[in-house]
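Spelled out, the chains give:
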Amino acid sequence: MSTDRPVVAPQPRRNADGTTTVTTLDAGDVRLVCPDWCIVQHGYRYPPARAEITHCGDPEWALVDTPESGPTSLVEVGLVQWPFSTRSQVLLEVQTDDGRKEVGPTGARRFAAALRKHADHIDTMAAKLEAIRAGEGR
C-alpha cells in the first residue's frame, strides 16, 4: 500500500440510473455499471486505483457434512472481474491450497474434471474402507 493514500476512502455514491460512482486514486470519479451477478457494494478502505476496482459474484463453497466431523467446506468458486484492468474479462476464481486462482472457461472445466476424478477416487476409497471394516469383525 502506498503511504500517500488517504486513511479513509469516500463512500461510493449510488446514482439514480442504477450506476455507482467510486472515487479512485488515479482517475478521479469512475462510474460503474455492475453486472447482475456482482454483489460488491464498491466501498473501499482506501481509494482504489481504477484498475483495482473489482466485480465479484457471490462465492459458493462445496460443502460436506459428515457424521464423524460435521460440516466442512471443500472448495470455493465465484465470478470475478477487474473491468478497468488489462485483464477485464470475467473469470472464475477458485480457492486452492496455492491461493486463489483466476481461470477462464477452459481452466474452469479442468478444475471440474479434476474434482470429478478425485470424487471417483474418494468413492473407490470408501468402498475399500467398507471392505476393510467388514473384515474387522472376523
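That block above? That's the structure.
Residues numbered from 1 in each chain as written. Predicted model: local features only at pLDDT ≥ 70, side-chain atom pairs only at ≥ 80, totals over all residues. Heavy atoms only, no water.

Caption draft 1: Spatial organisation of the overall build of the protein. For the protein, the helix and strand inventory stands at one helix and eight strands. Listing each helix as α and each strand as β along the protein from the N terminus yields β-β-β-β-β-β-β-β-α. For 138 residues, the compact-globule estimate of 2.2 N^0.38 gives 14 Å, and the protein exceeds it by more than 25% at 22 Å. Seen along its three principal axes, the alpha-carbon backbone of the protein occupies a region of about 75 × 30 × 30 Å. Expressed as a percentage of its 138 residues, the buried residues of the protein come to 23%. Put simply, 31% of the contacts in the protein that link residues at least 6 apart link residues at least 24 apart. When the accessible surface of the protein is summed, it comes to about 9900 Å², and 53% of that surface belongs to carbon and sulfur atoms. Seen as two clouds, the 16 positive and the 19 negative side-chain charges of the protein have centres 4 Å apart. (Helix = DSSP H or I, 4+ residues; strand = E, 2+ residues; numbered from the N terminus. Rg over C-alpha atoms; globule rule 2.2 N^0.38 Å. Buried < 20%, exposed > 50% of the residue type's maximum accessible area, 1.4 Å probe, protein only. Contact = heavy atoms within 4.5 Å. Areas by Shrake-Rupley, 256 points an atom, 1.4 Å probe, with all protein chains shown as cover. Lys, Arg positive; Asp, Glu negative; His and termini not counted. Charge placed at Lys NZ, Arg CZ, Asp CG, Glu CD.)

Caption draft 2: A look at the sheet that holds strand E2 (residues 20-24). Here we have three strands laid out as an open sheet, ordered E1-E2-E3, and antiparallel in their pairing. For this open sheet the edge positions go to strand E1 (13-14) and strand E3 (28-32), each flanked by a neighbour on one side alone. Here five bridges tie E2 to E3, and the two strands are oriented antiparallel to one another. Paired with Val 22 across the strands is Val 30, a residue of E3. (Pairing = 2+ DSSP bridges.)

Caption draft 3: Seen up close, the nonpolar core. Core analysis: the biggest nonpolar cluster contains five residues, these being Val 22, Val 30, Leu 32, Tyr 44 and Ile 53. Setting aside anything within four residues of it in sequence, one finds Leu 32 in contact with Thr 19, Thr 20, Val 22, His 42, Ile 53 and Phe 84. (Core = buried A, V, L, I, M, F, W, Y, C linked by side-chain atoms within 4.5 Å.)

Don't take any of this as a statement about function, it's just geometry.
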